[in-house]
Amino acid sequence: MPKKQKKQYGRGGQYYRKRITRPDGTKEDVYGRTLTELSEKVTLRRNELAAAADVPPQELYVFEYCAAFYDRVAPHMSPERQKLYKFLINKVVCPVIGSKPIADVTLDDLKDVLATRAHLSRRSQEDTVQILKQIFSAAAEADVIPKDPSLKLKPGGKPPAKKQALTEAQQAQLLESVQGLKVETMVMLGLYTGMRRGEICGLRWDCVDLDAATPYIKVRRACRWPDKIHPEVSDELKTPAALRDIPIPPQLLRYLKDLKEKQKKKLPGKEAEKLKKINTLYVYCNDKGQPVSYSTLRRRWDTIRTRSTVSGRELGDKIKNHKISVTLDFMPTPHLLRHTYVTRLVLSKMDLKRVQYLAGHADPEITLQIYTSLQKAQPDELAADIWAAFDASDGDTE
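Please read these numbers as outputs of a predicted model, since none were measured by experiment. Residue numbering note: each chain is counted from 1, following its sequence as written. Reporting of local features is limited, given that this is a predicted model, to residues whose pLDDT is at least 70; pairs of side-chain atoms are given and counted only at 80 or more, and all residues count toward the totals for whole chains, interfaces and linings. Side-chain measures here rest on the full set of heavy atoms in the structure, leaving out hydrogens and waters.

Caption draft 1: Broad picture of the side chain of T343. Within the secondary structure, T343 sits in helix 12 (residues 334–347). Relative accessibility decides the category of a residue: with a 1.4 Å probe and only protein chains considered, values under 20% of the type maximum give buried, values over 50% give exposed, and everything between is partly exposed. T343 sits in the buried class, given a relative accessible area of 5%. Counted as a polar contact is a pair of N or O atoms within 3.5 Å, where, for protein atoms, one must be capable of donating a hydrogen and the other of accepting one, and residues adjacent in sequence contribute only when both atoms are in side chains. Of the polar contacts made by the side chain of T343, one reaches the backbone oxygen of H339; its length is 2.8 Å. Labels follow the DSSP assignment, with helices taken as runs of H or I lasting at least four residues and strands as runs of E lasting at least two, numbered in each case from the N terminus.

Below, the structure is given as structure tokens:
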């Protein structure tokens, strides 16, 4: 794989440099303030030299276009997405086709890239397919290549297991198992608001109105852990659709009122001062009222795993050195709590547009897929149609 261009420093500030070879064999340096500008200048200069020497222009290589592509899209991505794209370009795409002229890349070449991910799940392969489609569709739209070779590229791998929402019995079992634990707050918010894990960890009391005629939660912030250690809270949500107000069900309202009182009692000062300070604290927090670290997040969720049969124990088994026993024959995830919430909304016959809003789905197709899947799984919903199709007035033929 060709070496990455190094940054150069000069009177005009910071530049990227690319050294090209003239037709007579001498070298020439081309500079650009960004990788995109550098790529454009290199292509232009090569074409000028080729025209002057009456030779075919030098082609653009995949690794050069990938660098320019990343430079264009990275500013609009989250840090996690930037990291993923950088990994896929540098460790997956370029080692296979980086040294090929981009105009010569075929569908088979892209399948060779995907073959290096054949041992991974379909979800992992979808990431590779997505970035290949973005790179080559952008190149085709910019007339860098005559045709997009990625149009028929599809991921392989085993499809992910279909999510099954928790039953009412499982929900009750889970709530009983986490009662009194610190993870209980996340479970309650997940089951009764459908908030994402990052939204729960980024929720402050200033966005929880418990005294309104209709108590509700304002989703305005999200927490992320870019280094897998320290929390970073910002008002940058997953999508614009994630900005929403969620009514609080009675079960959650009682819990949040008690939780807020407990946190307020720990604050120093008079009542008026406590009311001001409480709004700066986070609902799901560490001992200081601040966002939880990634290790704390994992450790708290492991208290559920300990109580589940996935730990290798049987239901009812006592856990050594603990005053607890195994009470769960399933293992939930934060996303499964969210899926359970959306499922309850759909099965309650709520309008799909409202379900989409409350779930914060940017794409209505996601909501529709859940709805369609659930309706197929509910035979009683189709019973009336079946009776109409097979005339109920028909008697036995015997």
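Caption draft 2: Region of the structure containing a negative patch on the surface. Residues enter patches when they are more than 30% accessible in relative terms and free of salt bridges; like-charged ones are connected within 9 Å and nonpolar ones (Val, Leu, Ile, Met, Phe, Trp, Tyr) within 5 Å. Method for areas: the Shrake-Rupley scheme with a 1.4 Å probe, in which residue coverage is limited to the protein chains shown. Here, a salt bridge means any side-chain nitrogen of Lys or Arg that lies within 4 Å of a carboxyl oxygen of Asp or Glu. When charges are counted, Lys and Arg are positive and Asp and Glu negative, with His and the chain ends excluded. Just so you know, the charge point we use is NZ for Lys, CZ for Arg, CG for Asp and CD for Glu. Taken together, the side chains of E80, D227, E232, D235 and E236 make up a negatively charged region of the molecular surface. If you trace the backbone, D235 turns up in the loop between strand 7 (232–234) and strand 8 (244–247).

Caption draft 3: Highlighting the confidence of the model for the protein chain. pLDDT: the predictor's confidence for each residue, scored from 0 to 100. When pLDDT is averaged across the protein chain, the result is 86; 88% of the residues are at 70 or more. Strand 1 (residues 7–10) is the least confidently modelled element of the protein chain, averaging 44 in pLDDT, while strand 5 (residues 216–219) averages 97, the highest of any element. Low confidence marks residues 5–12, where pLDDT is under 50. Its contacts with residues over four positions away, or in another chain, come to 18 contacts. By definition, residues are in contact when any of their heavy atoms lie within 4.5 Å.

Caption draft 4: Quick peek at the sheet that holds strand 5. By this definition, two strands are paired if DSSP reports at least two bridges between them. Across the sheet, 3 strands lie side by side as 4-5-8; this open sheet has antiparallel pairing. One side of each edge strand has no neighbouring strand; the edge strands of this open sheet are strand 4 (208–209) and strand 8. Here strand 4 runs beside strand 5; their pairing, made up of 2 bridges, is antiparallel. By the bridge assignment, D209 is partnered in strand 5 with Y216.

Caption draft 5: Spotlight on the packing of aromatic side chains. Classification of ring pairs uses Phe, Tyr and Trp, with its six-membered ring standing for Trp, and accepts pairs whose centres are within 6.5 Å; under 30 degrees between planes counts as stacked, over 60 as edge-to-face, and the remaining range as tilted. One pass over the structure, following the stated rule, counts 2 aromatic pairs. Charge over a ring is defined by NZ of Lys or CZ of Arg lying within 6 Å of the ring centre and within 35 degrees of the ring normal. Its guanidinium or amino end placed over the ring of Y282, R204 lies 5.9 Å from that ring's centre, counting from NZ or CZ. A cation over a ring is seen here: R300 above Y284, with NZ or CZ 5.1 Å from the ring centre.

Caption draft 6: Broad picture of the packing of helix 3 (residues 79–97) against helix 4 (residues 107–115). Helix 4 packs onto helix 3 with a crossing angle of 135° between their chain directions and a minimal axis gap of 9 Å. One way to sum up the angle between helix 3 and helix 4 is to call them oblique. For helix 3 against helix 4, the interelement crossing comes out right-handed. Between helix 3 and helix 4, the contacting residues are V92, V93, V96 and I97 on the first element and D109, L110, D112 and V113 on the second. To define axes, lines are fitted to C-alpha atoms, for helices over the stretch in contact only, and angles between the resulting N-to-C directions are given on a 0 to 180 degree scale. Each angle receives one of four descriptions, namely roughly parallel if under 35 degrees, roughly antiparallel if over 145, roughly perpendicular if within 65 to 115, and oblique otherwise. By definition, turning the near helix anticlockwise from the far helix through less than a right angle yields a left-handed crossing, and turning it clockwise yields a right-handed one.

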